[in-house]
Amino acid sequence: MCYVLGIVVHESDTKHKNSDARVLVMNHVTVLDHLAVDLVLPCTVPSVWDLPKVLTWCLGYKDLGVKQGREILIENVRQHCNESDLKILVHPEGATTNGRVGLLKFGTWPFCIGNEVLPVLLNVRRFSLLNIAPSVIGSRWWSDLFWFLFSPCTIFTIRYLPPMQRIDGASDEEFSAHVCQTMATGLNINATTFTCADKVEFVKRVLFQQQNQLVARHTTSSNSGLLISVMAQQVKEVLPYVPMDVIRRDLLSTNSVSLTISNILEGSIGYVPETTVVASPSCASSSSSISFSNEDRNEEPLTDDQYYTALNTAASSFGKTAQERTMSYQERKRRLIEMSRRRYLQKHPMS
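Residues numbered from 1 in each chain as written. Predicted model: local features only at pLDDT ≥ 70, side-chain atom pairs only at ≥ 80, totals over all residues. Heavy atoms only, no water.

## Focus on helix α8 (residues 244-254)
- For α8, the set of buried residues is V246, I247, D250, L251 and T254. When α8 is viewed along its axis, its buried side chains cluster within an angular range of 130° and face the same direction. In α8, those exposed residues whose orientation departs by more than 90 degrees from the buried face are R249, L252 and S253.
- N255, located one to two residues past α8, shows a positive phi value of around 55°. (Buried < 20%, exposed > 50% of the residue type's maximum accessible area, 1.4 Å probe, protein only. Helix = DSSP H or I, 4+ residues; strand = E, 2+ residues; numbered from the N terminus. Arc of directions from axis to C-beta.)

## Focus: the confidence of the model for the protein
- In this model, the protein carries an average pLDDT of 79, and 79% of its residues clear a pLDDT of 70 or more.
- Scored below 50 in pLDDT, residues 277-297 shows 24 contacts in the model against residues more than four places distant or in partner chains. (pLDDT = per-residue confidence, 0-100. Contact = heavy atoms within 4.5 Å.)

## Describing the nonpolar core
- Residues L24 and V37 are the most contacted members of the largest nonpolar core, which totals 27 residues.
- Going through the elements one at a time, β2 (23-26), α2 (33-40), β3 (43-46), β7 (116-126), α5 (141-150) and β8 (154-160) are the ones with two or more residues in this core.
- Those residues in contact with L24 that sit more than four places away from it in its chain are V37, L41, C43, K87, I88, L89, V90, L118 and V120. (Core = buried A, V, L, I, M, F, W, Y, C linked by side-chain atoms within 4.5 Å.)

## Let's talk about the pattern of salt bridges
- As enumerated under the stated definition, the model contains six salt bridges in all.
- The shortest N-O distance in the salt bridge between D13 and R159 comes to 3.9 Å. Taken together, the residues span a long stretch of sequence, with D13 in the loop between β1 (7-12) and β2 and R159 in strand β8 at a distance of 146 residues.
- Where K204 meets E201, a salt bridge forms, and the shortest distance between an N and an O atom there is 3.9 Å. Highlighted residues: K204 and E201, both in helix α7 (residues 196-238), separated by three residues, approximately one helical turn. (Salt bridge = Lys/Arg side-chain N within 4 Å of Asp/Glu carboxyl O.)

## Section: the packing of α8 against helix α9 (residues 257-265)
- Packing of α8 against α9 brings their axes to within 9 Å, and their N-to-C directions diverge by 125°. With respect to their mutual orientation, α8 and α9 come out oblique. Handedness of the crossing formed by α8 with α9: right-handed. The segment α8 lies against α9, with I247, D250, L251 and T254 engaging V257, L259, T260, N263 and I264. (Axes fitted to C-alpha atoms, helices over the stretch in contact; angles between N-to-C directions. Parallel < 35°, antiparallel > 145°, perpendicular 65-115°, else oblique. Left-handed = near helix turned anticlockwise from the far one by under 90°.)

## Here's the deal with the environment of Y344
- If you trace the backbone, Y344 turns up in helix α13 (residues 322-347).
- Residue class for Y344 comes out buried when judged on its relative accessible area of 5%.
- Sequence spacing of Y344 and V238 is 106 residues, and the spatial spacing of their C-alpha atoms is 9.8 Å.
- Other than its neighbours up to four places away in sequence, Y344 contacts L239, Y241, V242, L265, Y271 and P273.

## What to know about the layout of surface pockets
- For the second largest pocket, the calculated volume is near 730 Å³.
- Contributing to the lining of the second largest pocket are 29 residues, with T96, T97, N98, G99 and V101 lying nearest its centre.
- Among the secondary structure elements, those contributing two or more residues to the lining of the second largest pocket are β7 and α7.
- The residue inventory of the lining of the second largest pocket, partitioned by class, reads 13 nonpolar, 11 polar and five charged. (1 Å grid on protein atoms, 1.4 Å probe; cavity = no way out; pocket = protein on both sides within 12 Å on 5 of 7 lines; lining within 4 Å. Points joined across faces, edges and corners; volume = space filled by probe spheres on them. Nonpolar A, V, L, I, M, F, W, Y, C, P; charged D, E, K, R; others polar.)

The structure is reproduced here in C-alpha cells:
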C-alpha cells in the first residue's frame, strides 16, 4: 500500500530507534503518519475512527477500546505492551498540524501508560512543483488519502530523540509538558497551549466565515442583477422599440441609464427594433399621446440644436404646492420621452 500511496521515508539519529521504551510519541502531520513509521519501525496505532474492521486493518489501526473511555483504553494499551513485541505509536496532540509553526498541547493519557517514552519527530513534504499540502483545514481522512494517491511522492523525514523518563514525583501533565517542549525544540517550533478542541473550534469558525463570504457574494450578485433590471426598465420606457437584451448588455458595461440611452441614440449599438411594444404602466400614464401612427412618421426631422434645446426641461418657476410640482415633473418627463422618441425615429425610420 505504501508503494501505491507514494510514501518515501528518511531516517536520522537511528541510534535511539531500538530503545526499550514501549511508547512512541510523535507529532501529527497527516492521517498516514503511522504507515511511514511502520515501514521502518513496526508498531501499533490505537484506532480513533469509526471504520469497518477491514478498512481499519488496511489503514494500520487497531481497536484498543478508545470509544469505551480513557480508563479502558489505558488498560488495553498496557496489556498490549505486556503481551506484544510491537511498540505503541501515539499522537498526543490529538489533531493534525502542518508541523512548521507549533505543537498543540499534548494530552496526558499516553503518559499514564508508563514512565518512559521515545519522542519521534516527523516532517512531511512534497515536491515544490506541485505545491500540494499534506493536509488542510477541514479536510476529511478520505480526501487526504485521495491526494496521497494523486501526488507522485510524499517524503516523511523521521528523527528519533533520546528516550525520556518521568522525573520522580512528576505528574502526568508535567511529564507530557516536558516531552512536548523537548519535541518542539527539536522541530524548531513553539509548544503552544492550544488543544485539539481549540483547533476544532477554529476550523468551525473558518468554515463559517467562508460560508458567510459565499452568501454575501451571492447576495451582492443578486442585488446587482436587480439594479440592472430596474435600469433596463427605465431605458425601455424611453426607447420602447429597443430589445431588452440589448439594453441589459450595454448596462452591464456602462452601469448608467443616461450613457446607455446616448449609446443607443447615437447608433453605437446595433440591434433589430422590436415590431411589437408592450408599454409599461408608468410609461402608459405619462405618455398616452405617444403612438407610432402615420402622422408621427411625417413629423419634421429635429436638428441637433432643436434636440439639445428640448432636453433643457427646467421649470420656469418652482411649484407652490405638491400637486403643481408633480404636474411639472410629469410634463417635463413627457417632453423628454417625446423628444427621444422623435430622435429615435429620425435615426431608425420605420417601414
